[in-house]
Amino acid sequence: MDAITPVISATGLFTPPDSISNEELVASYNAYAERYNADHAAAIAVGDLAELTFSSVEFIEKASGVKARHVMSKAALLDPEIMTPRWPERANEDISVMAEMGFKAAQDALAKAGRSAADVDAVLCAASNMQRPYPAMAIEIQSALGIEGFAFDMNVACSSATFGIQTAADFIRSGNARSVLVVSPEICTGHNNMRNRDSHFIFGDVATAVLVEAVDMAPRPHWEIVGTRLKTVYSNNIRNNFGFLNCATPETIGAPDKLFVQEGRKVFKEVVPMVSAMIADHAAALGLDPAGLRRLWLHQANQGMNRLISQRVLGHEASEDESPTVLDTYGNTSSAGSIIAFDRYSEDLVAGDVGVICSFGAGYSAGTVFVRKVA
């Protein structure tokens, strides 16, 4: 039997209404740092503790390129005494926060494609952190949408969405499904250490959805999935040790490693060449010239990383048109970043244009999805 061609019929996006500027974030962090230094002045004076260094807008923008980020809980994040998300716990009968975000992004994708729940066979919830172990977030989103079929969660950190797209595409190719939603709700401010100067500015919250379908049922225009490739290389340079077995060592519950931690310079040095080579090698295997790619929708983690990756792939400094940025207004949204870029900067391409959606992050993990516009 001939393989069925999978395509991207539509993408969806849910953006939280509240945004935090760098100026607001710096004021919050510096108020915390000032209080910490005052409360621990004696220990700092004798060298038992290190004095906290203040943050600045200039430092944040130079380090990352982030200027603002959308969040689900603005007031609590900016409160120097809290600095984590806060909202009332929902009853089990009510839709959970992450599922609601994913539901809204999925609705957006379905509306763009002119689809109803009856058209969809499966839901994959692909994100860097799940609100709970079970029932699966994907099954809750499936239920909220009224979709028959099956659903499951998957976590490959920042690469989850591209891993989800390949998984969905494989379901289509094998004939096990004809229409699959890949939903990525990301509440990254929940696993970020807002009291760490080196990372307090990195993350934002968002949800995306990608509708992957068999070509014979896809609307026009759509995006043919020319090829997908996944890669993992074990590394501790990006890590989060929060988990259900923390109860086995209660003395370390709440330690900094139970939130996002990274060795940023090592990540930069190791991931940039890995991802650049992966894109170029995958393009060559598909018979494509990397330098001729019309657009790169890259993971939105760091402006410097994206600049260098796109330069190595294209052979020249990429323009904003060739490698668009959403990092400046969304921050790092983990698996959702490359999909936000694709959602916002893909309509202008014409039939035959080829680009690549690429995500990369903790694991290390990386995924490439080459797509061709079909009008």
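Just above, that's the structure.
Residues numbered from 1 in each chain as written. Predicted model: local features only at pLDDT ≥ 70, side-chain atom pairs only at ≥ 80, totals over all residues. Heavy atoms only, no water.

> Sorry, what's going on with the sheet that holds strand S12 (residues 354-361) here?
Hydrogen bonds between backbone atoms are what pair the strands of a sheet, whose relative direction is either parallel or antiparallel. Read across the sheet, nine strands follow the order S5-S4-S6-S7-S1-S8-S13-S12-S11 without closing on themselves; strand pairing throughout is mixed. Looking at strand neighbours, the two that pair on one side only are strand S5 (150-154) and strand S11 (295-298), the edges of this open sheet. With direction set aside, neighbouring strand axes in the sheet form an average angle of 25 degrees. Where strand S6 (residues 179-187) and strand S7 (residues 205-214) come together, nine bridges link them in antiparallel fashion. The residue bridging Val182 from the neighbouring strand is Val210, located in S7. The sheet contacts of helix H5 (residues 97-113) involve strand S1 (6-14), S6 and S7, and relative to S1 the element is tilted by about 125 degrees. (Pairing = 2+ DSSP bridges. Helix = DSSP H or I, 4+ residues; strand = E, 2+ residues; numbered from the N terminus. Axes fitted to C-alpha atoms, helices over the stretch in contact; angles between N-to-C directions. Contact = heavy atoms within 4.5 Å.)

> I'm lost on unusual backbone geometry in this one. Help?
One can expect most non-glycine residues to show negative phi and most peptide bonds to be in trans. Cis geometry marks the peptide bond from Tyr134 to Pro135; its omega dihedral reads -5 degrees. When you line up the elements, Pro135 lands in the loop between strand S4 (122-126) and helix H6 (137-145). With omega at 0 degrees, the peptide bond leading from Arg220 into Pro221 counts as cis. Summarising the element assignment, Pro221 is placed in the loop between S7 and strand S8 (222-232). The residue Met83 is not glycine, and still its phi comes out positive at about 60 degrees.

> What is the right way to look at the environment of Val226 in this model?
When you line up the elements, Val226 lands in strand S8. Val226 gets classed as partly exposed once you look at its relative accessible area, which sits at 22%. For the pair Val226 and Leu286, spaced 60 residues apart in the sequence, the C-alpha separation amounts to 7.7 Å. With residues near it in sequence (within four places) discarded, Val226 still touches Leu286, Phe370, Val371 and Arg372. (Buried < 20%, exposed > 50% of the residue type's maximum accessible area, 1.4 Å probe, protein only.)

> What is the right way to read the side chain of Thr368 from this model?
Its location among the elements puts Thr368 in strand S13 (residues 365-374). For Thr368, a relative accessible area of 0% corresponds to the buried category. Here Thr368 is in contact with Gly227, Thr228, Arg229, Met278, Ile279, His282, Val356, Ile357 and Cys358, once residues within four sequence places are set aside.

> Help me out: how do you make sense of the packing of aromatic side chains in this one?
Each pair of aromatic rings is reported with the distance of its centres and the angle of its planes. Considering all chains together, one arrives at 10 aromatic pairs under this definition. Centre to centre, the rings of Phe59 and Phe201 are 5.7 Å apart; their planes meet at 85 degrees, and the pair counts as edge-to-face. A residue pair is termed long-range when its members are at least 10 positions apart, and Phe59 in helix H3 (residues 57-63) and Phe201 in the loop between S6 and S7 qualify at 142 residues. Relative to Phe260, the ring of Phe203 has its centre 4.9 Å away and its plane inclined at 90 degrees; by these criteria the two rings are edge-to-face. Of the two residues, Phe203 is situated in the loop between S6 and S7 and Phe260 in the loop between strand S9 (238-239) and strand S10 (261-262); the sequence distance between them amounts to 57 residues. Each residue in the set Tyr29, Tyr32 and Tyr36 is aromatic and connected to the rest through ring pairs, giving one cluster. (Phe/Tyr/Trp six-rings, centres within 6.5 Å; stacked < 30°, edge-to-face > 60°.)

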